[in-house]
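A closer look at the structure
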Amino acid sequence: MDSQTVSRHAAKPDAPTAGTLKPNALGVVGILFFVLSAQAPLTGIAGAAPIAVALGNGPGVPAAYLVAGLVILLFSVGFVAMGRHVVDAGAFYTYIGKGLGRTTGTGSAGLALFAYCTIQAAMYGLYGAIVSGLVATHNGLDLPWWVWTLATMAVVQALGAAGVEMGAKVLAVFVLAEFSILSVFALVTLFKGGGPEGLGLAASFSPSAALDGAPGVAVMFAVASMFGFEATAIYGEEAREPKKTVPRATYLAVVVVTGFFALVSWMLISSYGASQATAAAGKALEGGDGAGFVFAPIAADFGGWVGDVLPVLLATSLFAGILTFHNSANRYLFSLGRDRLLPLRMCRLNRRHAPWTAGCVQTVLAVLLVVPFALAGKDPVLTLFSWFSGVAVLAMMLLYLLTSVSVVVFFRRARLDTRPWNTLIAPALGALGIAGAIWLILANFTTLIGGERTTALWLTLSVPVVMALGLVAARVRGRAADG
């Protein structure tokens with residue numbers, strides 16, 4: 001398909017190969033559900049909070065979420081300012097290219113794809129293990145984790161092809177379910193005055209509590225829990241009035257996620273008592289059931305039935321995140337095809353204006369990342385989930401940093417927006433905060449992936465290697481185009 005063919009189809013909105021995504025398909029709420037599902041709230045709380053409490057700053061973990069939220073909010077100011085002038089499904093790589101040059105932007109596209117595909121593969125590992133256990137417990141059907149993972153890949157592919165509105169509706173159900181039960185628990189605990197030691201406001205939010213123990217570990221896991229909020233810009237082409245919808249969805253997502261994680265983690269700690277929470281989290285991790293640290297107090301409040309429901313909600317939380325990252329990655333592939341950085345067939349759409357070829361390619365990438373772990377007989381949680389989630393967070397934080405720098409450079413050149421706070425001060429402060437977060441991630445990377453130092457080193461090196469390969473590919477393609 002040549003560029004003229006794409007242009008002709010773009011002029012016919014109902015054509016299956018149209019070169020533009022379906023406009024006016026999402027409002028603020030629809031985009032917000034995509035973002036919240038990427039955060040996988042129950043997964044973030046059940047997976048990260050016990051480790052952050054046990055190995056980080058104990059009862060000061062809620063303050064770490066506020067710090068992480070502040071850094072992301074500062075980043076969002078420049079991110080939103082750029083989004084008012086650049087609307088593209090490529091988001092990060094387009095933004096970086098506008099400020100730091102096309103070659104750097106194209107190189108960062110490879111890094112973005114790497115981040116989205118690895119975090120999705122990581123979630124597939126944990127999802128497969130949880131579903132396998134649930135089915136074996138309730139139905140007696142004991143199948144390997146990878147059977148459920150591969151079956152779910154087919155479902156995700158079908159939902160992605162069904163269009164962005166269908167995906168938003170599915171995600172809304174799952175996100176509301178997990179948000180509701182955690183929010184109700186937090187609010188009930190708050191209004192009854194907390195646990196055995198009261199609310200423990202000072203124990204969780206005072207400067208001394210925030211800096212106690214290893215605050216770097218807690219901040220690292222808090223930042224990792226924010227992964228995915230940037231999806232607001234990816235859906236800009238499909239949003240109603242993107243110059244209004246995307247900024248509102250971005251700020252709302254950051255505030256809601258920060259407040260949610262801070263409140264729920266605070267109430268979890270309060271339910272145990274600030275002086276007992278660290279020991280309780282450590283005991284749960286030693287017993288191999290970190291999620292039990294979260295599930296136990298909720299079940300104590302609402303009854304034993306919660307113990308059956310929460311694992312199911314954890315599985316649906318992961319499914320929602322998997323679907324979101326599938327949609328994010330295939331829109332990157334679509335955008336790269338449209339910009340001639342990948343074959344033009346990558347921007348082929350089906351009759352529902354969903355990226356068809358890009359979606360198929362993304363699913364194939366997921367298979368290629370997951371199947372080797374299945375063939376090698378590796379534990380899907382201790383290897384696939386732990387390793388890939390760590391490397392994905394590191395890659396994404398590097399993208400945040402490059403984007404912040406690009407925002408400053410872009411507006412110094414273009415002068416399209418002369419507001420100092422939006423285009424210089426906030427992005428610069430955000431860049432400093434993100435650089436600090438990257439340092440914390442590197443310093444604690446072995447803890448983040450739950451692996452050995454050698455494994456941590458190889459995974460860490462994969463991020464600059466992917467970026468370097470992307471830069472080389474961009475230069476080669478640029479020379480070929482000039483020639």
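Residues numbered from 1 in each chain as written. Predicted model: local features only at pLDDT ≥ 70, side-chain atom pairs only at ≥ 80, totals over all residues. Heavy atoms only, no water.

1. Considering the overall build of the protein
- If you tally the helices and strands in the protein, you get 21 helices and zero strands.
- Taking all contacts inside the protein whose residues are at least 6 apart in sequence as the whole, residues at least 24 apart take part in 82%.
- By element, 67% of the accessible surface of the protein is carried by carbon and sulfur atoms, the whole surface being about 18,600 Å². (Helix = DSSP H or I, 4+ residues; strand = E, 2+ residues; numbered from the N terminus. Contact = heavy atoms within 4.5 Å. Areas by Shrake-Rupley, 256 points an atom, 1.4 Å probe, with all protein chains shown as cover.)

2. Observations concerning the side chain of Ser-404
- As for its position among the elements, Ser-404 is in helix α18 (residues 380-414).
- Excluding its chain neighbours within four sequence positions, the residues that come into contact with Ser-404 are Phe-75, Pro-427, Gly-430, Ala-431 and Ile-434.

3. Points about a nonpolar patch on the surface
- A cluster of nonpolar side chains, Trp-421, Leu-424, Ile-425, Leu-429 and Leu-432, forms an exposed patch at the surface whose accessible area comes to about 470 Å².
- Structurally, Leu-432 is set in helix α19 (residues 420-443). (Patch = residues over 30% accessible without salt bridge, like charges linked within 9 Å, V, L, I, M, F, W, Y side chains within 5 Å. Salt bridge = Lys/Arg side-chain N within 4 Å of Asp/Glu carboxyl O.)

4. Considering the packing of aromatic side chains
- Taken as a whole and assessed by the stated rule, the structure comprises 14 aromatic pairs.
- In this structure an aromatic cluster arises from ring pairing among Tyr-65, Phe-179, Phe-260 and Phe-261. (Phe/Tyr/Trp six-rings, centres within 6.5 Å; stacked < 30°, edge-to-face > 60°.)

5. Section: α19
- If you check α19, its first and last C-alpha atoms are 33 Å apart, about what 24 residues at 1.5 Å a residue would give, namely 34 Å.
- Of all the bends in α19, the greatest reaches close to 30° and is centred on Ala-426; the proline Pro-427 follows between one and four positions later.
- All of the buried residues in α19 are Asn-422, Thr-423, Ala-426, Pro-427, Gly-430, Ala-431, Ile-434, Ala-437, Ile-438, Leu-440 and Ile-441.
- Where α19 is buried, its residues meet α4 (61-83), α11 (215-225), α18 and α20 (445-449). (Expected span 1.5 Å × (residues − 1). Bend = angle between axes of the 7 residues up to and from the residue. Buried < 20%, exposed > 50% of the residue type's maximum accessible area, 1.4 Å probe, protein only.)

6. Describing the pattern of salt bridges
- This structure, assessed with the given rule, holds two salt bridges.
- In this structure, the salt-bridge partner of Asp-301 is Lys-192, at a minimum N-O distance of 3.1 Å. Highlighted residues: Asp-301 in helix α15 (residues 292-302) and Lys-192 in the loop between α8 (164-191) and α9 (201-205), separated in sequence by 109 residues.
- Exposure remark for Asp-301: the relative accessible area of 31% places this residue in the partly exposed category.
- Arg-419 is paired through a salt bridge with Asp-417; the nearest N and O atoms lie 2.6 Å apart.
- Taking the relative accessible area as the measure of exposure, Asp-417 reaches 8% and is therefore buried.

7. Quick look at unusual backbone geometry
- In this structure, Arg-415 is a non-glycine residue whose phi angle is positive, near 55°.
- By secondary structure assignment, the location of Arg-415 is in the loop between α18 and α19.

8. Looking at the environment of Ile-438
- For Ile-438, the location among the structural elements is in helix α19.
- Between the C-alpha atoms of Ile-438 and Leu-394, which are 44 residues apart in sequence, the distance is 6.9 Å.
- In this view, Ile-438 contacts Leu-394, Met-397, Leu-398 and Leu-401; residues no more than four positions away in its chain are not counted.

9. Details of the environment of Gly-337
- Within the secondary structure, Gly-337 sits in helix α16 (residues 305-338).
- Accessibility expressed as a relative area gives 0% for Gly-337, which makes it buried.
- For Gly-337 and Cys-347, which are ten residues apart along the polypeptide, the C-alpha to C-alpha distance reads 5.2 Å.
- In this structure, Gly-337 is in contact with Leu-342, Pro-343, Leu-344, Met-346 and Cys-347, ignoring residues within four places of it in sequence.

10. Examining helix α5 (residues 92-100)
- By the criterion of burial, α5 is predominantly enclosed, with seven of the nine residues buried.
- Looking at α5, one finds that the buried residues are Phe-92, Tyr-93, Thr-94, Tyr-95, Ile-96, Gly-97 and Gly-99.
- Gly-101, located one to two residues past α5, shows a positive phi value of around 105°.

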